[in-house]
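Listed below, chain by chain, are the residues.
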Amino acid sequence: MRVRATTRVLALIGDPVGHSLSPEMHNAAIAALGLDAIYVALRATSGTFDTVARGVLAAGGALNITVPFKGQAAELVAVADGSVKRTGACNTIWGDCARPEGDNTDIVGVREASRALLSGRRVERALVIGTGGSARAAAVAATDEWPGATVTVASRDPERAREFVVWGKKAGVGCRVAGDGEFEPADLVINATPLGLQAGDALPVERASLGGFSAVLDLVYAKGGTALVRAAREAGVNAADGRGVLVAQGAAAFARFFGVPAPTEIMRAAVDDALRP
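Residues numbered from 1 in each chain as written. Predicted model: local features only at pLDDT ≥ 70, side-chain atom pairs only at ≥ 80, totals over all residues. Heavy atoms only, no water.

Caption draft 1: Examining the environment of S209 more closely. Here S209 shows up in helix 8 (residues 207-210). Since its relative accessible area comes to 4%, S209 is described here as buried. Put simply, S209 and F69 are 140 residues apart on the chain and 31 Å apart in space, counted from C-alpha to C-alpha. Among the polar contacts made by the side chain of S209, one reaches the main-chain amide nitrogen of F183 at a distance of 3.2 Å. (Helix = DSSP H or I, 4+ residues; strand = E, 2+ residues; numbered from the N terminus. Buried < 20%, exposed > 50% of the residue type's maximum accessible area, 1.4 Å probe, protein only. Polar contact = N/O pair within 3.5 Å; in protein donor to acceptor, adjacent residues only side chain to side chain.)

Caption draft 2: Fine view of the pairing of strand 8 (residues 150-154). Burial runs high along strand 8: four of the five residues are buried. Sheet topology places strand 7 (residues 125-129) next to strand 8; five bridges connect them, and they run parallel. Directly across from L127, in strand 8, lies its bridge partner T152. Of the strand pairs in this sheet, strand 8 and strand 9 (residues 175-177) are connected by three bridges, and their pairing is parallel. Counterpart to V153 in the pairing with strand 9 is V177. Considered for its hand, the β-α-β crossover made up of strand 8, helix 7 (residues 158-171) and strand 9 is right-handed. (Pairing = 2+ DSSP bridges. Right-handed = clockwise from strand over helix to strand, strands pointing away.)

Caption draft 3: Spatial organisation of the side chain of D103. Note on placement: D103 falls in strand 6 (residues 101-103). For D103, the side chain forms a polar contact with the side chain of R256, separated by 2.9 Å. Apart from residues lying up to four places away in sequence, D103 is in contact with D81, S83, V84, C90, N91, T92, W94 and R256. (Contact = heavy atoms within 4.5 Å.)

Caption draft 4: Focus on the sheet that holds strand 7. Spatially, the six strands line up as an open sheet ordered 9-8-7-10-11-12, and their pairing is parallel. Unpaired on one side and paired on the other, strand 9 and strand 12 (238-240) mark the two borders of the sheet. Each strand of the sheet is rotated relative to its neighbour by a mean of 20°, with strand direction disregarded. Across the sheet, helix 9 (residues 227-234) lies against strand 10 (188-191), strand 11 (215-218) and strand 12, angled at about 170° from strand 12, the strand it touches most. (Axes fitted to C-alpha atoms, helices over the stretch in contact; angles between N-to-C directions.)

Caption draft 5: Molecular detail of the nonpolar core. Membership of the largest hydrophobic core comes to 33 residues, with the highest contact counts inside it found for V110, L188 and L217. Broken down by secondary-structure element, the contributors of at least two residues to this core are helix 5 (106-118), strand 7, helix 6 (133-145), strand 8, helix 7, strand 10 and strand 11. Here the element with the most residues in this core is helix 6; it accounts for seven residues. Those residues in contact with L217 that lie beyond four places of it in its chain are V110, A113, S114, L117, L188, V189, I190, N191, A240, D241 and V245. Judged by nonpolar contacts, the second largest core, of 23 residues, contains L12, Y39, F257 and F258. (Core = buried A, V, L, I, M, F, W, Y, C linked by side-chain atoms within 4.5 Å.)

What follows is the structure, encoded as structure tokens:
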């Protein structure tokens, strides 16, 4: 991809960020449409996040945000979509540096991936593992897609789980804290933690609990599938890793960045190629 003086720079900001396939996915879409742009991954710290983000926006670019900066991103935007206000988390920023706009396309990503995984089946009981920005997006997606569904949140930190429930009441997400030990049966389990990014990570849920789940969606993705996806399938459970979420949220962000529909199938092919063993 040739970079010119006019080339628009878009960036993913996070820490860690080197594992992300967003650059491959977006650059494939940019090339397919012949756009004068390039998408890069930038690592930041909590102290440098605002400077890095505003620098990209000031140069005419746009941003995706990943862990652990989605909360800071929500505070940075001046014009926040309702999804940002509801979750307190933002993963997509574009527009004027002085008044940047923000959206949380993670909700779209989780919703689309969950629909594909469940093939029309309704969810009555959802379990969300994690309490960060992605977990909030997952809880909102499940609540909006299946009104009346029970959402249970699981966390290694009981205080964070209780705070999540408090947030849920304000956001219109009725949820409760999971009990100790093995989890109760659920129609859909969503892993919204980073567990699985590193080889040797523990599973986010005990193997003994997997048989009680109907479907498992792991927001982490890896070549050959994640350890959670493999374990779930071995237990006879329908499971998918985070590539579907990545593509759906990325396509929604691409439309925000460029004002045109994203070439979704090209983005999906780029991700699948990168994850092929």
